[in-house]
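Chain and residue survey
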Amino acid sequence: MTRLAYIDWMRGLACVLMFQTHCYDSWLSPAARKSSSLIIWSQLGGTLPAPLFIFLAGVSFALVTERLREKGVERNAIARQTILRGAEIFGMGLLFRAQEFALGYPWSPWTDLLRVDVLNILGLSMMLMGVLCWATGGGVAAVARRRTLVGGVLLAAVVAMVTPPLWTTHRPKFLPWPLESYLNGVHIFDKPQPWLFPLFPWSAFAFVGLAVGLYLFSDFAKRNEGLAFAALGATGVLAGFLSSVFDSSRLRLYAVYDYWHSSPNFFLMRCGILLTIFFLVYAWCRWGFAQKGFSPIIQLGNTSLLVYWVHIEFVYGRFSILPKGQCGALKATAGLLTIFLAMVLLSLARTTWKKRKLRASRQGLAVTAATAES
C-alpha cells in the first residue's frame, strides 16, 4: 500500500459526503424534505466533510514537514515553504468568494465577500502550523517531532477550551465584524453561526491532524504500522466515550453550555469519530479492496480542491444542473450521481493533464542534456 493511499481515500470520502449534502440541500423541495428522512441523514453525513478536510490537512502537513526534515532542509526554509502554501490556500479562499459573488451578482450581498469559509480556515490553520513547527523544530529531529506533537495536542485543547466563551460571554465585540467572524463566525449576525468556519474551534482539527501525522513518523509507528493505526482507532473510541461521560457530568465550566456547537465535549466526540474513520480507512486500503483496480474515491481525493471548487457552482450557483428547491428525492439523487460522475471525469482529466505536462518536461530536459553532451 502506498503511504498516501489512505489519506487520498479519506479525502475522497469527504468529497462524496460533501456532494450528497450539498445536492440534497440545494435541490430538494420543501415537500420532499418533509415527506422523507433523506434530508436528515444527508445533513448528518454533512457534519463530517469539513472536519475531515481540516484534519487531513494537518496530517498531510506533518508528512510534508517530516519529509523535508529528513532531506536536511533547514527549519527556516521549511517554515517559509509551509507558511507560504497556507497563504496560497487562504488567497484561494478569498478568490473563491470573489468568484461566487461575481457569478451571483446582483443577488449576492457584498458581505459574502468576507464570509469565513473552509478554504480560509484551511489556509490560516496551515500558516499557524507552520509557525508551530518552526518554534518547536530546532535540534535533533526526533526530539523536535515530539515537541511539535505535544504542541499540536496542547494547542488543539486550548482552542477547544477557549471556544465557548469566545462564542458567548467573552465575544470580542470591539472588533469589526469581518475580523470577529474569523474568531467565532459571527459574520453580520448578532451571534456566531454554526454553519461558518472560524478559527475557534475549526483550527483545532488541524492541530489534531498534525499530531497524528507526526505520530505516524515515530519509530513505533514505522515498526508497527498496523498496530499504530489500531491504537488510533482505540483512542477514537475512548474519546467518544469520554465525551459522553463529560457531557452527562454535573460539573459545568462555562456560563453557557452548547454541546452541539461550541462545547469541547462535542469537539472531543468529533475527534473520536475522525480517528475511528482514519483507522477504518487505513484497514480498508491495506486489507480491503480500496486499491483493487481503479478507485474513484482515491481519484477524487487526489484533486479534492478542484472538485470542491467546481461542484459548488453546478449545485448552488448560477449553473445549477437542477432547479434549486424544486426536486423530489429521486430526481435529486439522479443529480447527485451526475455530479459524482462529472467530478470523477474532471479529476481524471486534471491528473492526466498533469502527467502529460510532467512527461513533456522530463523529455525536454533529456533532449537538452543530450544536446549539451553532444
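Scroll up to find the structure.
Fair warning: this is a prediction, and the values are worked out from it, not measured in the lab.

**With respect to the overall build of the protein**
Each helix and strand counted, the protein has 15 helices and zero strands in total. Relative to the globule expectation of 21 Å for 374 residues, the C-alpha radius of gyration of the protein, 22 Å, shows essentially globular dimensions. In terms of principal-axis extent, the alpha carbons of the protein reach across some 70 × 50 × 45 Å. Burial status across the protein gives 48% buried among its 374 residues.

**Side note on helix α14 (residues 304–315)**
The end-to-end C-alpha distance of α14, which contains twelve residues, comes to 16 Å, matching closely the 16 Å that a straight helix rising 1.5 Å per residue would cover. Within α14, burial applies to Ser304, Val307, Tyr308, Trp309, His311, Ile312, Glu313 and Val315.

**Some remarks on the packing of aromatic side chains**
In this description, an aromatic ring pair is defined by two values, namely the gap between the centres and the angle between the planes. Scanning all chains against the criterion turns up 21 aromatic pairs. Ring plane angle 50° and centroid distance 5.5 Å describe the contact between Tyr259 and Phe266, whose orientation is recorded as tilted. Like Tyr259, the residue Phe266 is buried in the burial classification. An aromatic cluster of at least three residues, connected via ring pairs, comprises Tyr6, Phe55, Phe229, Phe278, Tyr282 and Trp287. Arg75 extends its terminal NZ or CZ atom over the ring of Trp134, reaching a point 5.2 Å from the ring centre.

**Focus: the side chain of Ser243**
Mapped onto the elements of the fold, Ser243 is located in helix α11 (residues 225–248). Setting aside residues up to four positions removed in sequence, Ser243 forms contacts with Tyr259, Asn265, Phe266, Leu268 and Met269.

**Topic: the nonpolar core**
Counting 88 residues, the largest nonpolar core has Tyr6, Phe19, Phe55, Ile121 and Phe278 as its most contacted members. With near-sequence residues (within four places) excluded, Phe278 lies in contact with Tyr6, Met10, Phe55, Leu56, Val59, Val212, Leu216, Phe229 and Leu232.

**A word on the packing of helix α1 (residues 5–27) against helix α4 (residues 49–70)**
Interaxial distance between α1 and α4 falls to 9 Å at its minimum, and their mutual angle equals 160°. Relative to α4, the element α1 lies roughly antiparallel. The two elements α1 and α4 cross, and the hand of that crossing is left-handed. Facing α1, whose interface residues are Ile7, Met10, Arg11, Ala14, Cys15, Leu17 and Met18, α4 presents Pro49, Leu52, Phe53, Phe55, Leu56, Val59, Ser60 and Leu63. By residue class, the composition of the contact of α1 with α4 is 13 nonpolar, one polar and one charged.

**With respect to the environment of Val281**
Its place among the elements puts Val281 in helix α12 (residues 264–287). Taking relative accessible area as the criterion, Val281 reaches 4% and is therefore assigned buried. C-alpha separation for the pair Val281 and Leu17, spaced 264 residues apart in sequence, amounts to 15 Å. Residues contacting Val281, with those up to four places away along its chain left out, are Tyr6, Trp9 and Met10.

**So, the pattern of salt bridges**
Close approach of charged atoms allows side chains of opposite charge to pair. Scanning the model with the defined rule gives ten salt bridges in all. Its salt-bridge partner being Glu225, residue Arg286 comes within 4.0 Å of it at the nearest N-O pair. Within this pair, whereas Arg286 is found in helix α12, its partner Glu225 is found in helix α11, the two being separated by 61 residues in sequence. Assessed through its relative accessible area of 27%, Glu225 is described here as partly exposed.

**Structural notes on a nonpolar patch on the surface**
Residues Val158, Met161, Val162, Leu251 and Leu253 make up a contiguous nonpolar surface patch of about 470 Å² in total accessible area. With respect to the element layout, Val158 can be found in helix α7 (residues 141–167).

**Concerning the side chain of Gln20**
Mapping Gln20 onto the fold places it in helix α1. Here Thr21 takes part through its side chain, which lies 2.8 Å from a polar atom of the side chain of Gln20.

**Some details on the state of the cysteines**
Summed over the entire model, instances satisfying the criterion amount to zero disulfides. Its sulfur unpaired, Cys271 is 18 Å from the next cysteine sulfur, which belongs to Cys133. Assessed through its relative accessible area of 8%, Cys271 is described here as buried. The cysteine Cys327 is free of any disulfide, with Cys23 supplying the nearest cysteine sulfur at 10 Å. The class for Cys327 is buried, based on a relative accessible area of 1%.

Rules and cut-offs
Residues numbered from 1 in each chain as written. Predicted model: local features only at pLDDT ≥ 70, side-chain atom pairs only at ≥ 80, totals over all residues. Heavy atoms only, no water. Helix = DSSP H or I, 4+ residues; strand = E, 2+ residues; numbered from the N terminus. Rg over C-alpha atoms; globule rule 2.2 N^0.38 Å. Buried < 20%, exposed > 50% of the residue type's maximum accessible area, 1.4 Å probe, protein only. Expected span 1.5 Å × (residues − 1). Phe/Tyr/Trp six-rings, centres within 6.5 Å; stacked < 30°, edge-to-face > 60°. Lys NZ or Arg CZ within 6 Å of the ring centre and 35° of its normal. Contact = heavy atoms within 4.5 Å. Core = buried A, V, L, I, M, F, W, Y, C linked by side-chain atoms within 4.5 Å. Axes fitted to C-alpha atoms, helices over the stretch in contact; angles between N-to-C directions. Parallel < 35°, antiparallel > 145°, perpendicular 65-115°, else oblique. Left-handed = near helix turned anticlockwise from the far one by under 90°. Nonpolar A, V, L, I, M, F, W, Y, C, P; charged D, E, K, R; others polar. Salt bridge = Lys/Arg side-chain N within 4 Å of Asp/Glu carboxyl O. Patch = residues over 30% accessible without salt bridge, like charges linked within 9 Å, V, L, I, M, F, W, Y side chains within 5 Å. Areas by Shrake-Rupley, 256 points an atom, 1.4 Å probe, with all protein chains shown as cover. Polar contact = N/O pair within 3.5 Å; in protein donor to acceptor, adjacent residues only side chain to side chain. Disulfide = S-S within 2.5 Å.

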